[in-house]
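As a plain string of letters, each chain reads:
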Amino acid sequence: MKGVIFDLDGVLCSTDEYHYRAWKALADSLGIPFDRTINSRLRGVSREESLEIILERAGRHYSAEEKREMFREKNELYRTFLSALSVEDLAPGAAKMLHELRRAGKKLAVGSSSRNAQFILEKLGIAGLFDAVADGNRIRRSKPDPEVFLLAAQLLHLKPEQCIVVEDAYSGIAAAKAGGFYAAAIGDAVTCPPADRRLERLDELVGLLC
Ligand code: BG6
Ligand code: MG
């Protein structure tokens, strides 16, 4: 394996919790039931698709303009949470693991559906450790479509079979497998059947790849 492609939210940091809180605030304000079980379906998917999933339980139809206002509101609150991010919000062992993989000559990329990815990487102080960032601003179809991982591999000048994808979402594992990648699951995704490998901690990647 020459390359490692990391999902961001829920893998390198716990911003998935902030997504949950921001969506929960929006759903509560609209009187729409929303809990962590529904939230797990939002992992890896775009903000537009996330809103559609939340609105499945709404008692009325919302116009495109109303939906745009909802994204804006949710993203504004989410960015307020993100503005307080720091290096301390990195997943345990993440910075050391990234440095060790780089030292071993591995190419590193981020493959995230988020349009806030670059901002998050900078807040976490790890933006400079990646050779490429494929994010929600550069793709048309979010996970489980493999587009974001295929773009990441292309930016690394590697083939999918030369890369391992690290994911915490079922949609992300499905995307990795659809693209022909080796898929390592962490967090919620460890129960996802098509994963090739299950990780308890990120630093297991060092023993696996170096
Ligand atoms: C993914 C998250 O990384 O990014 C999803 O797992 C989220 O939950 C998606 O909807 C889009 O994020 P953003 O930051 O562009 O709203
Ligand atoms: Mg994730």
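Let me begin by describing the structure that accompanies this report. Treat the numbers as computed from the prediction; the structure is a model and nothing was measured. (Residues numbered from 1 in each chain as written. Chains lettered and ligands numbered in written order. Predicted model: local features only at pLDDT ≥ 70, side-chain atom pairs only at ≥ 80, totals over all residues. Heavy atoms only, no water.)

**Re the pattern of salt bridges**
For the structure shown, the criterion picks out 21 salt bridges. The closest approach of N and O atoms between Glu17 and Arg21, which form a salt bridge, is 3.2 Å. Separated by four residues within a single helix, Glu17 and Arg21 lie in helix α1 (residues 15-30), roughly one turn from each other. The partly exposed category is assigned to Glu17, whose relative accessible area is 23%. Between Arg115 and Glu48 there is a salt bridge; the shortest N-O distance is 2.6 Å. A residue pair is termed long-range when its members are at least 10 positions apart, and Arg115 in the loop between β2 (107-111) and α6 (117-124) and Glu48 in helix α3 (residues 47-55) qualify at 67 residues. Take Arg115: its relative accessible area is 34%, and that puts it in the partly exposed class. Given a relative accessible area of 30%, Glu48 falls into the partly exposed group. Each of Asp16, Arg43, Asp168 and Asp188 takes part in a single network of salt bridges with overlapping partners. (Salt bridge = Lys/Arg side-chain N within 4 Å of Asp/Glu carboxyl O. Helix = DSSP H or I, 4+ residues; strand = E, 2+ residues; numbered from the N terminus. Buried < 20%, exposed > 50% of the residue type's maximum accessible area, 1.4 Å probe, protein only.)

**Observations concerning the pairing of strand β5 (residues 182-186)**
With four of five residues buried, β5 lies mostly within the body of the structure. Taken together, the four bridges between strand β4 (residues 163-167) and β5 define a ladder with parallel strand orientation. Paired with Val166 across the strands is Ala184, a residue of β5. Handedness of the crossover joining β4 and β5 through helix α8 (residues 170-178) is recorded here as right-handed. Bridge count between β5 and strand β6 (residues 197-199): three bridges; the pairing is parallel. Among the inter-strand pairings, Ile186 is bridged to a residue of β6, identified as Leu199. (Pairing = 2+ DSSP bridges. Right-handed = clockwise from strand over helix to strand, strands pointing away.)

**Re helix α7 (residues 147-155)**
Considered for burial, the residues of α7 that qualify are Glu147, Val148, Phe149, Leu151, Ala152 and Ala153. Against β1 (3-6), β2, β3 (132-134), β4 and α8 lie the buried residues of α7. One or two positions beyond α7, positive phi appears at His157, with a value near 60 degrees. (Contact = heavy atoms within 4.5 Å.)

**Some remarks on α3**
Listing the buried residues of α3 in full gives Arg47, Ser50, Leu51, Ile53, Ile54 and Leu55. Its buried side turned inward, α3 meets α1, α2 (36-40) and α4 (64-82).

**Things to note about the packing of α1 against α3**
Across the interface, α1 lies against α3 with an axial gap of 12 Å and an inter-helix angle of 45 degrees. As judged from the angle between their axes, α1 and α3 are oblique. Handedness of the crossing formed by α1 with α3: right-handed. Residues Trp23, Leu26 and Ala27 of α1 pack against Arg47, Ser50, Leu51 and Ile54 of α3. Residue composition of the contact of α1 with α3, grouped by class: five nonpolar, one polar and one charged. (Axes fitted to C-alpha atoms, helices over the stretch in contact; angles between N-to-C directions. Parallel < 35°, antiparallel > 145°, perpendicular 65-115°, else oblique. Left-handed = near helix turned anticlockwise from the far one by under 90°. Nonpolar A, V, L, I, M, F, W, Y, C, P; charged D, E, K, R; others polar.)

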